[in-house]
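# Structural overview
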Amino acid sequence: MASSKKVITREEWEKKLIDVKIRKEDMNKLVMNFLVTEGYVDAAEKFRMESGTEHIDLATITDRMAVKKAVQCGNVEDAIEKVNDLNPEILDTNPQLFFHLQQQRLIELIRNGKVDEALEFAQEELAPRGEENQSFLEELERTVALLAFEDFANCPVGELLDISQRLKTASEVNAAILTSQSHEKVQWEYPRVVTSCLIEPDPKLPSLLKMLIWAQNQLDDKAAYPRINDLSTARLEDPAV
């Protein structure tokens, strides 16, 4: 016979939540981390003034977002130039990122019907890198396969032309720039490294929300308790008993 679940009342649950002490300063850093990482410049500046969170060089956010937007719009050459203006070492020390940017350039040439230019670019810029790295070669072969189809909708690798591919590349560039800026902060401001935590490659807030969902799913098998079903409101809903 299956054992019944433990029932936790709203009063009991809220008391447990109240007993968990979280500093307001840590909450502010979590919010600022999300705003900075995702590039919400105006919101980050307003929140900094209201919360008193440590100063962030918001100009770096603007520069980073300009690179991200360029990739999202398919202006990859412009994006590469902007990255090099920010820090040439980003691409020099990250061959995978540079290859993916060059791959995106090839995709844009194919998208615009510049077949001859695409073939020449693939042969001169990407093929040599493929000879040195098997995974690069496989990605190059998938990209060049687009040229064999007039109707991209029926192409087995047609997803490379989706906007999601641009977004994927843009996110990779964004993370690389954030990593670079974080390292610079640690180098110049150590031991005051708390500021660098605000400019990490990935925002912490979405990960915490995923952890919340996972924890609730685990607890569902063991107890009936006030659950958060709508993350946008974080409203507790009484358990069904």
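Our structure's up above, just so we're on the same page.
Below you will find a few notes about this structure. Along each chain, residues carry numbers from 1 onward, in the same order as the chain's sequence is written. Selection of residues for local features in this predicted model requires a pLDDT of at least 70, selection of side-chain atom pairs for listing and counting requires 80 or more, and totals for whole chains, interfaces and linings are taken over all residues. Only hydrogens and water are set aside when side-chain values are computed; all heavy atoms of the structure are taken into account.

Moving on, we get to the pattern of salt bridges. Throughout this description, the term salt bridge denotes a Lys or Arg side-chain nitrogen within 4 Å of a carboxyl oxygen of Asp or Glu. Enumeration over the complete set of coordinates arrives at 13 salt bridges. Close ionic contact of Asp19 with Lys15 constitutes a salt bridge, the shortest N to O distance being 3.5 Å. You can see Asp19 and its partner Lys15 sitting in helix α1 (residues 10–19), four residues apart, about one turn around the helix. We call a residue buried when its accessible area falls under 20% of the maximum for its residue type, exposed when it is over 50%, and partly exposed in between, using a 1.4 Å probe and counting protein chains only. Classification of Asp19 as partly exposed rests on a relative accessible area of 47%. The residue Arg105 makes a salt bridge to Glu77 at a minimum N-O spacing of 3.3 Å. Highlighted residues: Arg105 in helix α7 (residues 95–111) and Glu77 in helix α5 (residues 76–86), separated in sequence by 28 residues. Each of the salt bridges in this network shares a partner with another, and the network as a whole consists of Arg23, Glu25, Asp26 and Lys29. Per the convention used, a helix needs a DSSP run of H or I reaching at least four residues, while a strand needs a run of E reaching at least two, with both numbered from the N terminus.

Further remarks concern helix α8 (residues 115–132). Here, expected helix span is obtained from the residue count minus one, scaled by 1.5 Å. Between its terminal C-alpha atoms α8 stretches 25 Å, which fits the 26 Å expected from 18 residues at 1.5 Å a residue. Bend is computed residue by residue as the angle between axes fitted to the seven residues ending at the residue and the seven residues starting at it. At Leu126, α8 shows its largest bend, some 45°, and a proline, Pro128, comes one to four positions later. All of the buried residues along α8 are Ala118, Phe121, Ala122, Leu126 and Gly130. Check the buried side of α8 and you find it contacts α7 and α9 (134–144). Two residues form a contact once any of their heavy atoms are found within 4.5 Å.

Turning our eyes to something else, we now look at the packing of aromatic side chains. Stacked, edge-to-face and tilted labels apply to pairs of Phe, Tyr and Trp rings (six-membered ring for Trp) whose centres lie within 6.5 Å, assigned for plane angles under 30 degrees, over 60, and everything in between, in that order. In this structure the tally under the stated criterion is three aromatic pairs. Measuring from ring centre to ring centre gives 5.2 Å for Trp13 and Tyr225, while their planes differ by 40°; the resulting arrangement is tilted. Of this pair, Trp13 sits in helix α1 while Tyr225 sits in the loop between β2 (223–224) and β3 (227–228), placing them 212 residues apart in sequence. Judged by its relative accessible area of 17%, Trp13 is buried.

This part covers unusual backbone geometry. Even without being a glycine, Ala234 presents a positive backbone phi close to 55°. Here Ala234 is to be found in the loop between β3 and β4 (236–237).

Helix axes are fitted to C-alpha atoms over the stretch in contact, other axes to C-alpha atoms as well, and angles between N-to-C directions run from 0 to 180 degrees. For the pair α7 and α8, the least separation of the axes is 9 Å and the interaxial angle reads 165°. It follows that α7 is roughly antiparallel to α8 by the angle criterion. Considering the relative orientation of α7 and α8, their crossing is left-handed. From α7, Phe98, Phe99, Gln102, Gln103, Arg105, Leu106, Leu109 and Ile110 reach across to α8, where they touch Glu117, Ala118, Phe121, Ala122, Glu125, Leu126 and Arg129. Under the convention adopted here, Pro, Cys and the residues Ala, Val, Leu, Ile, Met, Phe, Trp and Tyr are nonpolar, Asp, Glu, Lys and Arg are charged, and Gly plus all remaining residues are polar. Across the contact of α7 with α8, the residue classes break down as nine nonpolar, two polar and four charged. Roughly parallel means an angle under 35 degrees; roughly antiparallel, over 145; roughly perpendicular, 65 to 115; everything else is oblique. Crossing chirality is assigned from the near helix's rotation relative to the far helix, an anticlockwise turn below a right angle marking it left-handed and a clockwise turn marking it right-handed.

Among the surface-exposed residues, Val20, Ile22 and Met27 lie close enough to one another that they form a single nonpolar patch of about 290 Å² accessible area. Relative to the elements of secondary structure, Val20 occurs in the loop between α1 and α2 (24–38). Note on patches: the residues involved have over 30% relative accessible area and no salt bridge, like charges join within 9 Å, and the nonpolar side chains Val, Leu, Ile, Met, Phe, Trp and Tyr join within 5 Å. Using a 1.4 Å probe, accessible areas were evaluated by the Shrake-Rupley method; residue-level cover was limited to the displayed protein chains.

Looking now at the environment of Gln104. The residue Gln104 is located in helix α7 in this model. On the accessibility criterion, Gln104 (1% relative accessible area) is buried. Once the C-alpha coordinates of Gln104 and Arg166 are considered, the two residues, 62 residues apart in sequence, prove to be 7.3 Å apart. With sequence-adjacent residues up to four places away left out, Gln104 is seen in contact with Val76, Arg111, Gln165, Arg166 and Thr169. Within 3.5 Å is the distance limit for a polar contact, defined as a pair of N or O atoms, with the added protein rule that one can donate a hydrogen and the other accept it, and that residues adjacent in sequence qualify only through two side-chain atoms. Here the side chain of Gln104 touches Thr169 through a polar contact of 3.1 Å, side chain to side chain.

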